[in-house]
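Structure at a glance
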Amino acid sequence: AQSVSQHNHHVILSEAASLELGCNYSYGGTVNLFWYVQYPGQHLQLLLKYFSGDPLVKGIKGFEAEFIKSKFSFNLRKPSVQWSDTAEYFCAPDPNAGKSTFGDGTTLTVKP
Amino acid sequence: KAGVTQTPRYLIKTRGQQVTLSCSPISGHRSVSWYQQTPGQGLQFLFEYFSETQRNKGNFPGRFSGRQFSNSRSEMNVSTLELGDSALYLCASSTGTVAEAFFGQGTRLTVV
């Protein structure tokens, strides 16, 4: 089964601060990784995805993530957060492989 | 293209009853996964169906079951409801190959 773990459970930042949320994966073979976001009261939606190729992946709303194979990591970053980025963020492996265990999620609160 | 539709949106049941939740995936998607989301446990994988067959299963008791029909619509059944089954149940559809999952709005189940 593919699984990921997220280090930070709750992050609080001020607007314009930089963001980095940690995600580590623990499986070998072909690695496909995703970041999803859930805004308050809304359903989960895809932020970005990594299948292969360029390890630096750009997603929606200015988010990016870097796949570092040597560190088994796929951290999510944003140079300058906004109040509207307040949400819960989930790292996840390929939903079509194994038991698709999502990370525990990180709640991001951005103070205006 | 219509998104993932889950019905009903809200449900209140009493302990000991059973419940059936429905999920209509995006047209053309053959994989449907079910997740339970609670504040304390995060997002937990229940099971995944692909072409009417259960392809993956999480660590939930046998009271949780599901099925998928030939049109890819899926149902999830929970028997002998317990208070701890109160949660948001999410359905996600994908093509069944390496691709992101698209989530529905969820069914909010409250067991009293």
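Our next topic: the packing of aromatic side chains. For any pair of aromatic rings, the description consists of the separation of the ring centres together with the inter-plane angle of the planes. Within this structure, the stated rule accounts for 16 aromatic pairs over all chains. An aromatic cluster of three or more residues is present, and its members are Phe34(A), Tyr36(A), Phe51(A), Phe90(A), Phe102(A), Tyr35(B), Phe45(B) and Phe103(B). Of note, Arg55(B) hangs over the ring of Phe50(B), and the distance from its end group to the ring centre comes to 4.3 Å.

Here the focus is the pattern of salt bridges. All names here are of chain A. This structure, assessed with the given rule, holds ten salt bridges over all chains. Asp-85 is the partner of Lys-78 in a salt bridge, and the nearest nitrogen-oxygen pair spans 2.9 Å. A relative accessible area of 7% places Lys-78 in the buried class. A single salt-bridge network, built from bridges that share partners, covers Lys-58, Glu-64, Glu-66 and Arg-77.

Peptide bonds are trans in most cases, and residues, glycine excluded, mostly fall at negative phi. At the junction of Thr7(B) and Pro8(B), the peptide bond is cis and its omega measures out at -10° in the coordinates. The topology assignment puts Pro8(B) in the loop between strand E1 (5-7) and strand E2 (10-13). The backbone of Ala16(A) sits at a positive phi, close to 80°, despite the residue not being glycine. The residue Ala16(A) is located in the loop between strand E2 (10-14) and strand E3 (19-21) in this model.

This paragraph deals with the pairing of strand E8 (residues 74-78) of chain B. Residue and element names in this part refer to chain B. Of all five residues in E8, five are buried; the element is thus mostly enclosed. Burial of the side chains of E8 extends over both faces: Ser-74, Met-76 and Val-78 are buried on one face and Glu-75 and Asn-77 on the other. Sheet topology places strand E3 (residues 19-24) next to E8; five bridges connect them, and they run antiparallel. Residue Leu-21 lies in a different strand from E8, and its bridge partner there is Met-76. With five bridges joining them, strand E7 (residues 64-68) and E8 adopt antiparallel strand pairing. Note that in E8 the partner of Gly-66 across the bridge is Met-76. Hairpin remark: E7 followed by E8, antiparallel, with five residues in the connecting loop; positive phi at Ser-72, about 75°.

Moving on, we get to the sheet that holds strand E5 (residues 33-38) of chain A. Residues and elements named next belong to chain A. Pairing in this open sheet of five strands is mixed, and the strands run E2-E11-E10-E5-E6 from one edge to the other. Among the strands making up the open sheet, the edge pair consists of E2 and strand E6 (45-50). Between one strand axis and the next, the sheet turns by 25° as a mean value, whatever way the strands run. In terms of strand pairing, E5 meets E6 through five bridges, oriented antiparallel. Each bridged residue has a counterpart across the sheet, and for Leu-33 the counterpart in E6 is Tyr-50.

About the criteria used
- Residues numbered from 1 in each chain as written.
- Chains lettered and ligands numbered in written order.
- Predicted model: local features only at pLDDT ≥ 70, side-chain atom pairs only at ≥ 80, totals over all residues.
- Heavy atoms only, no water.
- Phe/Tyr/Trp six-rings, centres within 6.5 Å; stacked < 30°, edge-to-face > 60°.
- Lys NZ or Arg CZ within 6 Å of the ring centre and 35° of its normal.
- Salt bridge = Lys/Arg side-chain N within 4 Å of Asp/Glu carboxyl O.
- Buried < 20%, exposed > 50% of the residue type's maximum accessible area, 1.4 Å probe, protein only.
- Helix = DSSP H or I, 4+ residues; strand = E, 2+ residues; numbered from the N terminus.
- Pairing = 2+ DSSP bridges.
- Axes fitted to C-alpha atoms, helices over the stretch in contact; angles between N-to-C directions.

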